[in-house]
Structures are given as structure tokens and as C-alpha cells.
Amino acid sequence: MARSYGTSAARVEGLKRMFAHIRVLIVTLMTAGALLAQSQAAVPAQTPAKPVKMVVLGDSLSAGLGLPASAAFPARLQKALNDKGIKVDVINAGVSGDTTSGGRDRLDWSIPEGTEAVILELGANDALRGIDPAVTRAALTDILTRLKARNIAVLLCGMLAPPNYGSEYAARFNAIYPELSKSFGVPLYPFFLEGVASEAKLNQADGIHPTAEGVDIIVKKILPMVEALVGTISGQRS
């Protein structure tokens, strides 16, 4: 009988020790959970990055003359960037027939407050009209100076003069863009119509303005430089 009693007492003592260990474990887990909740609360919630606000300041080539708004360069560029997970809001500030002087004159209301990047596509109408390259250079210089003063990043799109005004005119005109790119320290996309100019199937009946397919080629070719521009802005934000 004593032997039986002794075995029962040992079991009781063992159960007591087991329950004591369980209580310690429960308290430990509860304390750890509370500390984890506090640490998570102390970390601010991640907010999605704001889209980069971009304006395409240009003429009919970027405005999308003859195309629905959804097929114009700014809309297609925004879609291409968004498809890659790059958040941008692109404003179409293209005006058909505009010259560099016209773009300069409307700069303030075309580039709203909060704009972080500008794709500058002007000069085609200057070349088509044979405007003195000195006038074109002065207008683009003024635009770049004013955008720099507002701390707006710029991608300068070059244009090439048509051959009908002669080699001297073309040399003076074509030199404007690389020289301004260098002097202002802004990236240059050498020729906005690269891969599309003179390709009949990629241009509308006038032989000047890109079709929707032509716009997509322009977007594809310029996209790496626009991505780099947006990356620079995102780096400045952090």
C-alpha cells in the first residue's frame, strides 16, 4: 500500500512541475507577442511611391495630330512605363504648329507646379519654316534655363533639319541640340523620329506625322532614356 502511495505522490509532483513549466512557457509567449506587436506598431506603414509628374512639351509630333488621344506619344509612353511598374503621370502639352518660341511663350502655364520632369520636343516647325537657327537656339536656351531654375529634370529631344534649306542651314540647326545638352548637362535623345522618319508605313498620309504604330516605335526607342530620367528623380526623392 505504501509503495502504491509513493508512486502516486511522485506522479502528482511530476504533474505540478509540468504545469509550472507550461505556465512559464505561456507567459514567455505572451510577452514575446506583446513585444512583437509593439515593434510592428513602431514601424511606419509603407506608403506607395507617388507617381512622377511628367510633361511632354512639344508640337504636333508628340501631341498626336491625326490620332486618338490614347494613341498619342504621352499616353503610350505612360502605358509603357506603367506596364513596367514605373509610376508616372504624363501630361500631353503638345500644340500642333508650335515652334520653340511658341513653347517658350506658353511655358509657365504648360508646365504646372509640381512637375518633376519634362520631355522637351520642339524645333520641327522651326526647321520646316526655315527659321534662323539662332532664334531656335535662343528659345530653347530660355526654356532650359527656366526649367532648371524650377529644379525640373529635362530630357531634350533633338530634331534634324530637312535637306531643302541646304547643308549650311542644316549644320547650324542640327548642332543646337547636342550643344545645349552639353552646356545644360541634360540628357539628349538625338532624334525624336528615329526609326520612323521616311518610313512610309509608319507615317500618316502627309509623310510627317507618325501613325499609331510609328508612335509605338518612338516610345520603344526612347523608353530606356525616360526610365533613366525617372530613376534619377526617384533617387532624389529618397
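Residues numbered from 1 in each chain as written. Predicted model: local features only at pLDDT ≥ 70, side-chain atom pairs only at ≥ 80, totals over all residues. Heavy atoms only, no water.

(A) Here's a closer look at the pattern of salt bridges. According to the stated counting rule, one finds 10 salt bridges in the structure shown. Of the charged contacts, one joins Arg-76 and Asp-216 as a salt bridge, the two residues approaching to 2.8 Å between their closest N and O atoms. Of this pair, Arg-76 sits in helix H3 (residues 73-83) while Asp-216 sits in helix H10 (residues 212-237), and the two are 140 residues apart along the sequence. Take Arg-76: its relative accessible area is 27%, and that puts it in the partly exposed class. Residue classification places Asp-216 among the partly exposed positions, given a relative accessible area of 33%. Note that Arg-106 and Asp-98 form a salt bridge whose closest N and O atoms lie 2.5 Å from each other. Just as Arg-106 is buried, Asp-98 falls in that class too. Here the residues in one salt-bridge network are Asp-108, Asp-142 and Arg-146, joined through shared partners. (Salt bridge = Lys/Arg side-chain N within 4 Å of Asp/Glu carboxyl O. Helix = DSSP H or I, 4+ residues; strand = E, 2+ residues; numbered from the N terminus. Buried < 20%, exposed > 50% of the residue type's maximum accessible area, 1.4 Å probe, protein only.)

(B) Seen up close, the sheet that holds strand S2 (residues 88-94). Taken together, the five strands give an open sheet; going across it, the order is S2-S1-S3-S4-S5, and neighbouring strands pair in parallel fashion. With one partner strand each, in any of the chains shown, S2 and strand S5 (188-189) form the two edges of the open sheet. Bridging between strand S4 (residues 153-157) and S5 involves two bridges; their strand directions are parallel. Looking across to S5, one finds that Cys-157 is bridged to Tyr-189. The strands touched by H3 within the sheet are strand S1 (52-58), S2 and strand S3 (117-121), with S2 carrying the most contacts at an inclination of about 165°. Its contacts with the sheet put helix H9 (residues 176-184) on S4 and S5, and the angle it makes with S4 is roughly 160°. (Pairing = 2+ DSSP bridges. Contact = heavy atoms within 4.5 Å. Axes fitted to C-alpha atoms, helices over the stretch in contact; angles between N-to-C directions.)

(C) Fine view of the packing of aromatic side chains. A complete count under the given rule lists four aromatic pairs for this structure. For the ring pair Tyr-169 and Phe-173, a centre distance of 6.2 Å and an interplane angle of 15° mean the geometry is stacked. You can see Tyr-169 and its partner Phe-173 sitting in helix H8 (residues 166-174), four residues apart, about one turn around the helix. One aromatic cluster is present, built from ring pairs that chain together Tyr-165, Tyr-169, Phe-173 and Tyr-177. (Phe/Tyr/Trp six-rings, centres within 6.5 Å; stacked < 30°, edge-to-face > 60°.)

(D) Structural view of unusual backbone geometry. Of note, the phi angle at Asn-151 is positive, near 60°, even though the residue is not glycine. In this fold, Asn-151 is placed in the loop between helix H7 (133-149) and S4. Relative accessible area serves as the criterion here: at 70%, Asn-151 is assigned to the exposed category. Positive phi outside glycine occurs at Ser-198, with the angle close to 70°. The topology assignment puts Ser-198 in the loop between S5 and H10. Judged by its relative accessible area of 74%, Ser-198 is exposed.

In short, shape yes, function no, at least from these values alone.
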